Structure formats: structure tokens, C-alpha cells
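Coordinate inspection notes
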Amino acid sequence: MNLPENLPKAELHLHIEGTLEPELAFALAARNGVDLPFADTHELREAYRFGDLQSFLDLYYALMAVLRTADDFTELADAYLARAAAQGVRHAEVFFDPQAHTARGVPVGTVVEGLARALERAEERHGVTTRLIMCFLRDLPAESAMETLESVRPYLRHITGVGLDSAEVGHPPAKFREVYEAAGAMGLRKVAHAGEEGPPAYVREALDVLGVERVDHGLRAMEDPELVERLVRERVPLTLCPLSNVRLRAVDVLEDHPLRAMMDAGLMVTVNSDDPAYFGGYVGETFHAVREALGLTPDDLRRLARNSFEAAFLDDDEALRARYLAEVDAYTFD
Ligand SMILES: [Zn+2]
């Protein structure tokens, strides 16, 4: 049966660390001899029902302790790709946070090679093409981001781009100007989280100072009509994550989410899952939820899916992009 939410799509805003389900967390903890402060998966599942950003971040970083070896990262990514494929994802651009792992003593090469192994066999195993994007933690100093960028030189063949994530307010994009210049010189594509909790000015900075090609979230751009006009004119993609916005209280309830208004304004928006193990759903479930809450039509869903492929870093394979877009058009809804 062709469920509307399972139409072919690309996922462009997905943190691989945010796909760690309680069952896998316990399995890896046992394998690696890591003690988790939870009795069982049930108790951990309860902890996933956090109420605010800080308790989410505390849990998020605490659970990363179970990820130690390249095999752990391969298993994590493989589990995500299998789930995503079952929900219609045909192309995934996966974020990871190298600093969250190197700070725990896991070498960057272990992380990249473990993830790359899963990503590079994903087309054969799951019918999903992939790209890997390394994100800098913006609440750490720019020097740390620069060192991280330098440290991945031996692994550049696996990495398509750079991004910027974690606590936004107080850490404007301009802090990372030199890092993004250096990333550009290394041939990397550029995205950044901006305008999730930070002001519209951060979205402008991400575009003008960092030269990003896509803005992750960008919700608060809606407060600035001139900025909206520019984003429409320049067709800058905004990778929205509606379930994440509700869980982290950027919007109160899904019915209040500006997704519909952003589509009506002519913005190039996509729908994504962010940290799906923590925020109540993968991208298919997210499509389902926004469709119900905002009354999206099949044509709206098709437009979101087309946007996702148009915004994807597929410039090196336009034939593939065209094939994916044709799949969207050919998808029939039951
Ligand atoms: Zn994110």
C-alpha cells in the first residue's frame, strides 16, 4: 500500500547520534562494558520523554558513551538507513558531530570510517544514496572547529560538507567565518543551523558570512519579511524539523507550526526528522504528523518531496536527481 507519508524523499537534516534507540544503546553498552544509569530499555525509553532542551542534551551526550568502535558507528548508521528506507527515503545526507566523540577519546578516523562503511553500502543494501556532513559544535571555540576540520583531511573522500549545530543563542555564525572559509577551500559544501532559537540576523549571517547553501531550521526567518523575500528569490532551502520544534518548544503544538505558512510564502522548505529517536518519529512519521496537523494535501506532500531532492547535494549526479524527481511524480497515493 502506498501510504502518503512514504513517498520517495531525501532526508537532509538528520543527526546520526540522534538515531540511537534504547535497544541499540543497551546492546552497545553491554558489548563495550559501559554502565548506563538506567535499569532497562523501558526506563531509558521513559527518559526520552524529557521536557526541555537541557535534559535532552544531557541524555544525548550521556548515551554517546556507548559508541566506541567503528563497528558501533556502522551499526548505528545501518539501523537508521534501514528505517529510513522503509519510510520512502531514497537519499540521506547524514550529519555527525566529530567533537562529541573526540572529546570522549574516540579518534575521528574511527567515527568517519565506521559511518562511511554503512553509508557506502547503503545503496546496495537499502536502496538509499548518501552523503556525509560533519557538524561543528558551535558552543565550543572556533579553534576547536578548525582543529577538527584539519583532522579530517585524511578522510575527505567520505565527507561532502560541513554544518554547525548545538546551542545556538550566543554563538552567531560569524564566530566560524575562518573555519567555513577553510572548509570551502577544501572543496566542502556548507550548511548551518540558524534561526531555530536564534534571531533572523543569524540566518543572514549564515548566508552572508559563512556562505551556506542551505539553512537548517530557519524557522525564525518568518519574523523578517525582507529576509523571507530574499530566501524565496534566491531559492535557499530551509530544512525544517517540525517534531523537533515541538519537543524543544520552538512551537507549542504541531498545529501552530509555520510549515504551511512558509510553503504559502513560496519558501523552499523540506521536512526532516533531526534526532528521530528522541523527538518521536522518523521522517515518514513526521510527514504523517504534519499532514494530519496542518491538513496538507497530496500535492503539498509531493512538493515537499520534490524540494528535498532539489535541495540535495546531487550536483555531481544530475541524472540521479532527475530519476528521484520522476519517482516523486510517479508515486500514487492510496
Ligand atoms: Zn539539527
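Remember, it's a predicted structure, so these values are computed and weren't measured experimentally. (Residues numbered from 1 in each chain as written. Predicted model: local features only at pLDDT ≥ 70, side-chain atom pairs only at ≥ 80, totals over all residues.)

Once that is clear, we can look at the overall build of the chain. Of regular secondary structure, the chain possesses 17 helices and eight strands. Relative to the globule expectation of 20 Å for 334 residues, the C-alpha radius of gyration of the chain, 19 Å, shows essentially globular dimensions. Expressed as a percentage of contacts within the chain between residues at least 6 apart in sequence, the contacts between residues at least 24 apart total 74%. (Helix = DSSP H or I, 4+ residues; strand = E, 2+ residues; numbered from the N terminus. Rg over C-alpha atoms; globule rule 2.2 N^0.38 Å. Contact = placed C-beta atoms within 7 Å.)

The next subject is the sheet that holds strand E3 (residues 129-137). With respect to topology, eight strands assemble into an open sheet ordered E1-E2-E3-E4-E5-E6-E7-E8, the strand pairing being parallel. One side of each edge strand has no neighbouring strand; the edge strands of this open sheet are strand E1 (9-15) and strand E8 (268-271). Between one strand axis and the next, the sheet turns by 25 degrees as a mean value, whatever way the strands run. The pairing of E1 with strand E2 (residues 89-96) spans five bridges and is classified as parallel. Paired with His-15 across the strands is Phe-95, a residue of E2. With respect to the sheet, helix H15 (residues 283-294) is in contact with E1, E2 and E8, its orientation differing from that of E8 by roughly 115 degrees. (Pairing = 2+ DSSP bridges. Axes fitted to C-alpha atoms, helices over the stretch in contact; angles between N-to-C directions.)

Looking now at helix H11 (residues 225-233). Along H11, the residues that are buried comprise Leu-227, Val-228 and Leu-231. The buried residues of H11 occupy one face: seen down the axis, they fall within an arc of 100 degrees. Exposed side of H11, more than 90 degrees from the buried face: Pro-225, Glu-226, Glu-229 and Arg-233 are the residues found there. Directly beyond the C-terminal end of H11, a positive phi value near 50 degrees is found at Arg-235. (Buried ≥ 20, exposed ≤ 12 C-beta atoms within 10 Å, placed from the backbone. Arc of directions from axis to C-beta.)

Ranked by size, the top nonpolar core spans 94 residues in total, and within it Ile-16, Ala-77, Val-94, Phe-96, Leu-115 and Ala-206 carry the most contacts. Mapping this core onto the domain boundaries places at least three of its residues in each of domain 1 (4-20 + 71-328) and domain 2 (22-66). Among all residues touching Leu-115, those that are not within four sequence positions of it are Ile-16, Phe-73, Ala-77, Phe-96 and Leu-132. (Core = buried A, V, L, I, M, F, W, Y, C linked by C-beta atoms within 7 Å. Domains from an automatic or database assignment.)

Bringing the UniProt feature "binding site: Zn(2+)" (unreviewed entry) in the chain into the picture now. The feature "binding site: Zn(2+)" (unreviewed entry), as given by UniProt, occupies His-13, His-15, His-193 and Asp-274 in the numbering adopted here. A maximum C-alpha distance of 11.9 Å is found for the annotated residues, which run over 262 residues; spatially they form one tight group. Structurally, His-13 can be placed in strand E1. The residues contacting His-13, other than those within four sequence positions of it, are Asp-216, Thr-239, Cys-241, Asn-272 and Asp-274. (UniProt positions renumbered as here; feature names shortened; annotations may be inferred.)

What follows covers the UniProt feature "binding site: substrate" (unreviewed entry) in the chain. Residues given the UniProt feature "binding site: substrate" (unreviewed entry) here are Asp-275. Relative to the assigned elements, Asp-275 resides in the loop between E8 and helix H14 (276-279). Setting aside its immediate chain neighbours within four residues, Asp-275 contacts His-15, Gly-18 and Ser-244.

With that out of the way, let us pick up the domain arrangement of the chain. Each assigned domain of the chain is listed here: domain 1 (4-20 + 71-328) and domain 2 (22-66). Counting residues at the interface gives 11 residues for domain 1 and 12 residues for domain 2. Ranked by residues supplied to the side of domain 1 that touches domain 2, first place goes to helix H4 (residues 70-86) with four residues. For the side of domain 1 that touches domain 2, the residue count by class is six nonpolar, no polar and five charged. (Nonpolar A, V, L, I, M, F, W, Y, C, P; charged D, E, K, R; others polar.)

Even without being glycine, Arg-249 reaches a positive phi, approximately 65 degrees. Relative to the helices and strands, Arg-249 is located in the loop between helix H12 (242-247) and helix H13 (259-264).

Running from amino to carboxyl end, helix H16 (residues 298-310) crosses helix H17 (residues 318-330) at an angle of 175 degrees, the nearest separation of the two axes being 9 Å. Comparing their axes, H17 and H16 come out roughly antiparallel. Only Arg-321, Tyr-324, Leu-325 and Val-328 of H17 make contact with H16, whose side of the interface consists of Arg-302, Ala-305, Arg-306 and Phe-309. (Parallel < 35°, antiparallel > 145°, perpendicular 65-115°, else oblique.)

Turning our attention to the pairing of strand E5 (residues 189-194). Where strand E4 (residues 161-165) lies against E5, two bridges are found, and the strand directions are parallel. From the neighbouring strand, Val-162 faces E5, where its bridge partner is Lys-190. Pairing geometry for E5 and strand E6 (residues 214-217), over four bridges, is parallel. Along E6, the bridge assignment pairs Val-191 with Arg-214.

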